[in-house]
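# Commentary on secondary and tertiary structure
The residues making up each chain are set out below.
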Amino acid sequence: MSDREAPRRRVPGPARSGNAVRRRPGPGAHPVRRPGGARPPAQQTLRLGSPRPRLRMVSLMLTLVLLAFVVRLLQVQAVDASAYAARAEQNRYVVHTLTADRGRITDRSGVALAVSEDAYDITADPTMFTRKQLKIDDGPEQAAALLAPILGQDQATLVHKLRPRNKNSRYTRLANRQTPQVWKQIKDLRNTLATKAQTDNNTANVLAGVFADPSSQRVYPGGDLAAGTLGWVNADGQGGGGIEQELNKQLSGKDGKIRYAQSGGREVPTVGSNETPAVPGSDVELTIDRDIQWAAQKAITEQVRRSDADRGYVVVQDTRTGQILAMANAPGFDPNNLSKADAEAMGNAALQDAYEPGSTAKVMSMAAVLQENAATPLTHVVVPNRLHRGDRLFQDDVDHDTWYLTLNGVLAKSSNIGTILATGQLGRTQSEANKVLYSYLRKFGIGSYTGLGFPGETPGILAPYQKWSTSQQYTIPFGQGFSINAVQAASVYSTIANGGVRIEPTLVRGTKGPDGRLTPAPKPKETRVVSDRTAATVAQMLESVVDDEQGTGIKARIPGYNVAGKTGTANRVDPATGKYRGYTSSFAGFAPADNPRITVYCAIQNATSGSYYGGQICGPIYKQVMEFALKTLQVPPTGAQPANLPVDYKP
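This is a predicted model, so every value here is computed, not measured.

## A few points about the confidence of the model for the protein
With 87% of its residues at a pLDDT of 70 or more, the protein shows a mean pLDDT of 88. pLDDT under 50 marks residues 1–7. Its contacts with residues more than four places away, or in other chains, come to two contacts. Across residues 15–23, where pLDDT falls below 50, the model places one contact with residues more than four positions away in sequence or in other chains.

Below, the structure is given as structure tokens:
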């Protein structure tokens, strides 16, 4: 076969992809049939979609998201910037008070009677005990269970304090003035929980929100020594009585404050802090002598116990300056442990009790009679067994035949009748005599405050002479019908001892600031009450009370010293009923009688065991305290002979 006639062989072409377009068969070509006679499906053309709509959509969405971020950023940084900054400050920064050191109280020699020691106020941030912070529901309960036995408080009370009252409740005080040992115990426990919480995710540090503010605790080294004078400091750190209350502003100083950043309950040291330092309080130096105070307090406490009395007081005063060297009360209390103190003993009874003084007040009547030249120490006074005046029949403390006494003898034997007769000579009428006597009582300080400015002090009661009842006209001259306090009584005798010049009693010598310099207290007021001559004569008459065998104060004698003194035994008004029940027993005097340095006054209320006469139970107290004070202040005897004024005369 020739080449022309040879059949053509079809050469397979390249494979076409599924997307290739098939050529249609030419003319005369037969369609290819598939098995079963089915026609092949028609081929469709696929076209790619445009990406632009999708890009626009994505761009729009991104733009909206970015716009939302920008708007929020503008709101946070511009519109609400101050609010968020304040919230951040609140959560980050803590402000604590820096308690000022309270000043000391010392005696006249600088011996500490009240001091402050380091302590801590235990505080908490209630927001740090919430579920949000601790991831537990009972954070306050767990914390309270740990703190209650350490702080000695009720667990339920602590739970209440640890629960936030509102969203801004960031501070609560759990306990005041705890010892450093208490805070160390809490801090060690808190650190232990913190360490455990770091290794165990199921453990929460329930004490992370407990803190401590440095504070101070008031301590009284002498226990109950001079407690009535010193007072105490209450739970808020303020003076609750006595000098602590009277001079609270000077003693307290001025608190400061510190502001620092905190995280997790701990200070952030790198941020720094802003501190306003506290200004410490001033020290207060009293006129009290610690040793004399101790002797007076010991003596009166023992006698009150022996006499089974309600209470008693002793006041010791420097006659030349008016300074109080001791002011002792029995029973007393320990300001270190107020929980065990008797509420009735927590004041200063020597200044707060008002009572009728009895015969110790006769010294004022005698001074008035002598000053007004109504009589002399040698004037004869006939004293009957009974004296009818007004609507009453008066008598002395003992029945007696008619006494023939000198005016000196009236005082030495403490005759009520003789005193009524003597003061009746102060005016042409009883009304005039009352007016004159009243004026002297007022000049002696009766019915007025002493000038100490002591909290709760009573001025006593002295009615104007126009209002004296029929009986008061005759009882007031011998010490019944008006009332005084113990410091007023002591001041009367110091006035006689000081030559007739009354110096207002003082209890504070001065204050010392941070520089250690003593700023003296203001000079006390002085008032001339009687002449120096009258005062010296009364002092000689008071010697007869102690030195003469007929005197009522022989138990107050002190070997080597001339002693001037006066006994007193007064009917006592029962505070509960307002009626007379029991007696006020007292003794007052000074020594040396001819060159006075020290006044001692003692009074005992409602002695129910043994004697109740002032000379018997207060005379020995006077002697004991006076002897100690004379030795302590190194006061030598004068060596002078007693005046030995006559007590009686023969008619």
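## Here's the deal with helix α15 (residues 430–443)
With 14 residues, α15 should cover 20 Å at 1.5 Å per step; its first-to-last C-alpha distance of 20 Å lies within 8% of that length. When we look at burial in α15, the residues that qualify are Ala-433, Asn-434, Val-436, Leu-437, Tyr-438, Tyr-440 and Leu-441. Tucked inside the fold, the buried residues of α15 contact α12 (362–371), α14 (416–423) and α16 (472–475). Positioned one or two residues after α15, Gly-445 has a phi angle of 100°, which is positive.

## Some points on the layout of surface pockets
Reported here for the second largest pocket is a volume of approximately 880 Å³. What lines the second largest pocket is a set of 39 residues, among which Ser-359, Asp-396, Asp-397, Asn-416 and Thr-569 lie closest to the centre. Looking at the lining of the second largest pocket, the elements with two or more residues in it are β16 (392–395), α16, β22 (564–573), β23 (580–591) and α19 (614–617). The element best represented in the lining of the second largest pocket is β22, accounting for five residues.

## Description of the packing of helix α4 (residues 139–151) against helix α6 (residues 180–199)
Running from amino to carboxyl end, α4 crosses α6 at an angle of 160°, the nearest separation of the two axes being 10 Å. Looking at the two axes, α4 sits roughly antiparallel to α6. Here the hand of the crossing between α4 and α6 comes out right-handed. Facing α4, whose interface residues are Leu-146, Leu-147, Ile-150 and Leu-151, α6 presents Val-182, Gln-185, Ile-186, Leu-189 and Leu-193. Of the residues assigned to the contact of α4 with α6, the class counts are eight nonpolar, one polar and no charged.

## Remarks on the sheet that holds β23
The sheet built from five strands is open, its strands ordered β13-β12-β24-β23-β22 with antiparallel pairing. Each end of this open sheet is capped by a strand with a single partner; those strands are β13 (324–330) and β22. Pairwise comparison of adjacent strand axes, ignoring direction, gives a mean angle of 10° for this sheet. In this structure, β23 lies alongside strand β24 (residues 598–605), joined through eight bridges in antiparallel fashion. Along β24, the bridge assignment pairs Ser-586 with Ala-603. Running at roughly 25° to β13, helix α10 (residues 290–307) makes contact with β12 (311–318), β13 and β24 of the sheet. The sheet contacts of helix α18 (residues 532–547) involve β22 and β23, and relative to β22 the element is tilted by about 75°.

## A few points about helix α17 (residues 486–497)
For α17, with twelve residues, the first-to-last C-alpha span of 17 Å sits near the 16 Å given by 1.5 Å per residue. Burial analysis of α17 places twelve of its twelve residues in the buried class, the great majority of the element. Taken as a whole, α17 has its buried residues at Ala-486, Val-487, Gln-488, Ala-489, Ala-490, Ser-491, Val-492, Tyr-493, Ser-494, Thr-495, Ile-496 and Ala-497. You can read the cap of α17 off the contacts: a side-chain oxygen lies 3.1 Å from the backbone nitrogen of Val-487, and it is on Asn-485. One or two residues past the end of α17 sits Gly-499, with phi positive at roughly 75°.

Conventions used here
In this numbering scheme, every chain counts its residues from 1 along its sequence in written order. Thresholds applied to this predicted model are a pLDDT of at least 70 for local features of residues and 80 or more for the giving and counting of side-chain atom pairs; totals over whole chains, interfaces and linings are not thresholded and use all residues. Side-chain measures here rest on the full set of heavy atoms in the structure, leaving out hydrogens and waters. pLDDT expresses, on a scale from 0 to 100, how confident the predictor is about each individual residue. Only heavy atoms enter the contact rule, under which two residues are in contact if any of them lie within 4.5 Å. In this text, helices come from DSSP runs of H or I with a minimum length of four residues, and strands from runs of E with a minimum of two, each type numbered from the N-terminal end. In this analysis, the expected span of each helix is defined as 1.5 Å times one less than the number of residues it contains. Between buried and exposed lies partly exposed: a residue is buried under 20% and exposed over 50% of the maximum accessible area for its type, with that area taken using a 1.4 Å probe on protein chains only. Cavities and pockets are defined on a 1 Å grid built over the protein atoms alone: a cavity is a set of grid points where a 1.4 Å probe fits but cannot escape, while a pocket is an open set with protein on both sides within 12 Å along at least five of seven lines, and lining residues are those with an atom within 4 Å of any such point. Grid points are joined across faces, edges and corners, and a volume is the space filled by probe spheres set on the points. A fitted line through C-alpha atoms serves as each axis, taken over the contacting stretch for helices, and the angle formed by two N-to-C directions is quoted from 0 to 180°. Angular relationships are summarised with four words: roughly parallel below 35 degrees, roughly antiparallel beyond 145, roughly perpendicular across 65 to 115, and oblique for the angles in between. When the near helix sits turned anticlockwise from the far one by under a right angle, the crossing is termed left-handed; a clockwise turn instead gives a right-handed crossing. Gly is placed with the polar residues, together with every amino acid not listed as nonpolar (Ala, Val, Leu, Ile, Met, Phe, Trp, Tyr, Cys and Pro) or charged (Asp, Glu, Lys and Arg). Any two strands between which DSSP finds at least two bridges are classified as paired. Polar contact is defined as a pair of N or O atoms within 3.5 Å, subject to the rule that within protein one atom must be able to donate a hydrogen and the other to accept it, and that residues adjacent in sequence are counted only when both atoms are side-chain atoms.

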